[in-house]
Amino acid sequence: MSGYSVTEPSSTQKWVAGVLVIGYALITLMPLLWILATGFKSSADSIAYPPKVTFQPTLEGYVNLFTTQTRQTPEYLDAHPPQTWYEEIVHDKGMVIAGPSRFGERFMNSVIIGFGSTFLSVFLGTLAAYAFSRYRIPLKDDLLFFILSTRMMPPIAVAIPIFLMFRNLGLSDTHTGMILLYTAVNLSLSVWLLKGFIDEIPREYEEAALIDGYTRFQAFTKVVLPQAATGIAATAIFCLIFAWNEYAFAVLLTSGTAQTAPPFIPTIIGNGGQDWPAVAAGATLFLLPVMVFTILLRKHLLRGITFGAVRK
Amino acid sequence: MAEIVLKNVRKDFGDFTAVQASSFKVEDGEFFMLLGPSGCGKTTTLRMIAGLELPTSGEIYIGGEEVGQKPASQRDIAFVFQMFALYPHMNVRKNISYPLVSQGMPKAQVNEKVAEAARILGIEKLLDRPVGGLSGGDRQRVALGRAIVRDPKCFLMDEPLGALDAEFREHMAEELRALHDRMGATTIYVTHDQLEAMQMGDKIVVMNHGVVEQFGTPQDIYDKPATMFVADFIGSPSMNFLKFHGKLDAAATSVELHHQKLPVPALREPFEGDMVYGVRPEHITLSDKAKYRGEIVATEYLGTTQIVTLQTHNGDVKARVASDQKAQVGETIGLAFNGKTVTLFDNQTGRALRSVLNEGVLSHG
Ligand SMILES: Nc1ncnc2c1ncn2[C@@H]1O[C@H](COP(=O)(O)OP(=O)(O)O)[C@@H](O)[C@H]1O
Ligand SMILES: [Mg+2]
């Protein structure tokens, strides 16, 4: 391009910006790449000094993550040759697999609680936001403020009342309890975000649908929802990220059946020495669902994250 | 198709009355204009007919059936929104077929009807396009397609040309009127543009501050305004108002303004007090012989005619005269009024006094 343009950045500016962005991305991605790599290292490689950048990859960390193992006598080991690749990995260390570890279970708990509460927050949030956006509701502003006010102190500040309440209601260490808790925390965010998005959708579309012979509910599902998809996707990601990463309540309220991955992963460290590859493997797997979910909704998110500011 | 009748329809939004005691009748197949300045309650009235707002009181009949409190989805009417309100997540074909799908019509028949509507509007080529990239005129046609595709009882249009460029508006107005003439569908059309209303409408209802000021044919409304508001709102330049004070008996044929007798159509009611002598610019001629005098303060050349502004004892007056007539600013000249066309108003209430000219019109206004 020749000529000077006010709005179009020059090629030098683009170049500098590109370098900065790539540099920043490398710095922030570094720890993630390190976790990913550590998951495939042997125990020895993982604590080698100076740190190893190239190494012989092994699935030992992942096998350790998913199994519990016991040491056996050489005679026993010789009498029971390994049947599978993972048994072989364990066998080589002079151990045998005693059974599956708790990780799979805890991970599923995270999935159930994370996605369950996300679904519930977005579902209830959408209905509430639509009502707040479209209907004349007595004390509307006060109600909206009240909903927002539930987020004004850090949720953990009410940890003790919630702990006692859950114990009395029999909700401690249950999926239902955790889903309800995360939904309650996320709901204010979801109502406010979604109300913004729904406010942006002109009422004429619904009115056109009413006139075209549809009921109010059909107009909502067929006309409003598709247009709020962007906002719903963005809201869902925010809700999932919170529920997925939440640590403090999870430690406090879950210990067994409903324990999620965040409080579980650190306990891997304690199981027979510091097994960094297993911890890294757990962290890697833990990162995946939110990443996949975000990438799936990326198209919506990029438009939605501007909170309607640039919708045409 | 159906006739539409409004009886004493009123709409309050909290303490604010948007529409008060509106009554008018739209005949079957009529192209009916709802005209008035911005904020006068046109949209509210139309939305009540559509069922998008429920009237606070009064009755609305569509095709003889009282529908005032029925939801929009049960009224079988079509509405063209000012910004068209095409469903952005559907392509043109889906937009047009959407009202048919709600009726559970079989697919083959839907396709047939959509194709026919598209042919009538000349948008066959656009059917598979998303609505996002369409031009204003094409959006308008798609919106009309969605309206005509299912043979509704009537069409309601809220300033349908308001979102178009001025240049394109005229073209679209003709297209709309032609479409109406072909389909013969009862249409209520909202506009704040008096020219558009005069050009397109079979009948016009003029509203102001939520009140129906007059309803009738464009000619009647132009020639026989029922109120000063209507006289002022319609026509460009608008009607001249010469203020005077006097006492008239029931059959008076002239009034006295500044010691000059001016002609009026024979009155049908006596009146005493402050009055207004209302005369259209084209019903004034300028001649030296006329006794009522005024001083020319401005002229505006319009091609075949010119608008001459004169200062008189009873206020400023605009006259529309042939452009070859000499009119020098500063000159004093006589004004002759075509008495048969004059309307007298009660200056207090703005109401037209009954005369031979307007008595037939005022009785149902
Ligand atoms: N939903 C509403 N709530 C309160 N006031 C309204 C509402 N809709 C319209 N109004 C008021 O009613 C009056 C008439 O509005 P409208 O019918 O839209 O006028 P028009 O279409 O003639 O410009 C306006 O003063 C407007 O502010
Ligand atoms: Mg309006």
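Residues numbered from 1 in each chain as written. Chains lettered and ligands numbered in written order. Predicted model: local features only at pLDDT ≥ 70, side-chain atom pairs only at ≥ 80, totals over all residues. Heavy atoms only, no water.

### So, helix H1 (residues 42-50) of chain B
Note that an α-helix has 3.6 residues per turn; residues three or four places apart therefore point the same way.
Argument step 1. Of all 9 residues in H1(B), 8 are buried, a share of seventy percent or more.
Argument step 2. Just past H1(B), the residue B:Gly51 takes up positive phi, approximately 95°. (Buried < 20%, exposed > 50% of the residue type's maximum accessible area, 1.4 Å probe, protein only. Helix = DSSP H or I, 4+ residues; strand = E, 2+ residues; numbered from the N terminus.)

### Overview of the pattern of salt bridges
Argument step 1. Following the criterion strictly, the structure yields 24 salt bridges over all chains and no others.
Argument step 2. Of the charged contacts, one joins A:Lys52 and A:Asp45 as a salt bridge, the two residues approaching to 3.0 Å between their closest N and O atoms.
Argument step 3. By relative accessible area, A:Asp45 is classed as buried at 12%.
Argument step 4. A salt bridge links B:Arg47 to B:Glu53, with the nearest nitrogen and oxygen atoms 3.3 Å apart. Take B:Arg47 and B:Glu53: they sit in the same class, and that class is buried.
Argument step 5. Here the salt bridges do not stand alone but share partners, grouping A:Glu207, B:Lys11, B:Arg47 and B:Glu53 into one network. (Salt bridge = Lys/Arg side-chain N within 4 Å of Asp/Glu carboxyl O.)

### Overview of the sheet that holds strand S14 (residues 271-279) of chain B
Pairing between the strands of a sheet is mediated by backbone hydrogen bonds and can be parallel or antiparallel.
Residue and element names in this part refer to chain B.
Argument step 1. As summarised here, the arrangement of the 3 strands in space is S11-S14-S20, forming an open sheet in which the pairing is antiparallel. The strands lining the two open edges of the sheet, one partner per strand, are strand S11 (240-248) and strand S20 (343-346). Each strand axis lies, on average, 35° off the axis of its neighbour in the sheet, ignoring direction.
Argument step 2. As paired elements, S14 and S20 share 4 bridges and run antiparallel to each other. The residue of S20 that forms the bridge with Tyr-277 is Leu-344. (Pairing = 2+ DSSP bridges. Axes fitted to C-alpha atoms, helices over the stretch in contact; angles between N-to-C directions.)

### Some words on the domain arrangement of chain A
Residues and elements named next belong to chain A.
Argument step 1. Assigned domains within chain A: domain 1 (43-101) and domain 2 (104-306).
Argument step 2. For domain 1 and domain 2, the distance between their C-alpha centroids amounts to 38 Å.
Argument step 3. On the side of domain 2, 10 residues touch domain 1, which itself brings 9 residues to the contact.
Argument step 4. Summed over both sides, the interface between domain 1 and domain 2 buries roughly 810 Å², with carbon and sulfur atoms accounting for 69% of that surface.
Argument step 5. Among the residues domain 1 hides against domain 2, the three largest losses belong to Gly-61, Tyr-62 and Leu-65. Together they make up 48% of the total.
Argument step 6. On the surface where domain 1 and domain 2 come into contact, there are 0 salt bridges.
Argument step 7. At the junction of domain 1 and domain 2, the tally comes to 1 residue pair in polar contact (both at pLDDT 80 or more).
Argument step 8. Counting only elements with at least two residues in the side of domain 1 that touches domain 2, the list comes to helix H2 (43-46) and helix H3 (60-66).
Argument step 9. Broken down by element, the residue count for the side of domain 1 that touches domain 2 peaks at 5 residues, all from H3. (Domains from an automatic or database assignment. Contact = heavy atoms within 4.5 Å. Buried area = accessible area lost by both parts, 1.4 Å probe. Polar contact = N/O pair within 3.5 Å; in protein donor to acceptor, adjacent residues only side chain to side chain.)

### Describing the sheet that holds strand S2 (residues 16-26) of chain B
Residue and element names in this part refer to chain B.
Argument step 1. Reading across from one edge, S2-S1-S4-S5 is the order of the 4 strands in this open sheet, with antiparallel pairing throughout. The sheet terminates laterally at S2 and strand S5 (65-66), the two strands that pair on one side only.
Argument step 2. Pairing of strand S1 (residues 4-13) with S2, which is carried by 7 bridges, proceeds in the antiparallel orientation. Pairing of Phe-13 across the sheet is with Phe-16, part of S2.
Argument step 3. Strands S1, S2 and strand S4 (57-62) of the sheet are contacted by H1, whose axis makes an angle of about 115° with S1.

### Observations concerning the confidence of the model for chain A
Residues and elements named next belong to chain A.
Argument step 1. Here chain A averages 89 in pLDDT, while 94% of its residues score no lower than 70.
Argument step 2. Helix H15 (residues 298-304) is the least confidently modelled element of chain A, averaging 67 in pLDDT, while helix H6 (residues 103-134) averages 96, the highest of any element.
Argument step 3. Between residues 305-312, whose pLDDT stays under 50, and residues either more than four places distant or in other chains, the model counts 9 contacts. (pLDDT = per-residue confidence, 0-100.)

### A short note on the domain arrangement of chain B
Argument step 1. By domain assignment, chain B separates into domain 1 (4-223) and domain 2 (238-346).
Argument step 2. Just the C-alpha atoms count here: the centres of domain 1 of chain B and domain 2 of chain B sit 40 Å apart.

### Here we look at the site of ligand 1
Residue and element names in this part refer to chain B.
Argument step 1. Every residue close to ligand 1 is listed here: Phe-13, Phe-16, Ala-18, Pro-37, Ser-38, Gly-39, Cys-40, Gly-41, Lys-42, Thr-43 and Thr-44.
Argument step 2. Cys-40 places a main-chain nitrogen or oxygen 3.2 Å from an oxygen atom of ligand 1.
Argument step 3. A distance of 2.5 Å is found between an oxygen atom of ligand 1 and a side-chain nitrogen or oxygen belonging to Thr-43.
Argument step 4. For ligand 1, whose free accessible area comes to 560 Å², the fraction covered by protein is 60%.
Argument step 5. Only S2 and H1 provide two or more residues apiece to the shell around ligand 1. (Near = heavy atom within 4 Å. Areas by Shrake-Rupley, 256 points an atom, 1.4 Å probe, with all protein chains shown as cover.)

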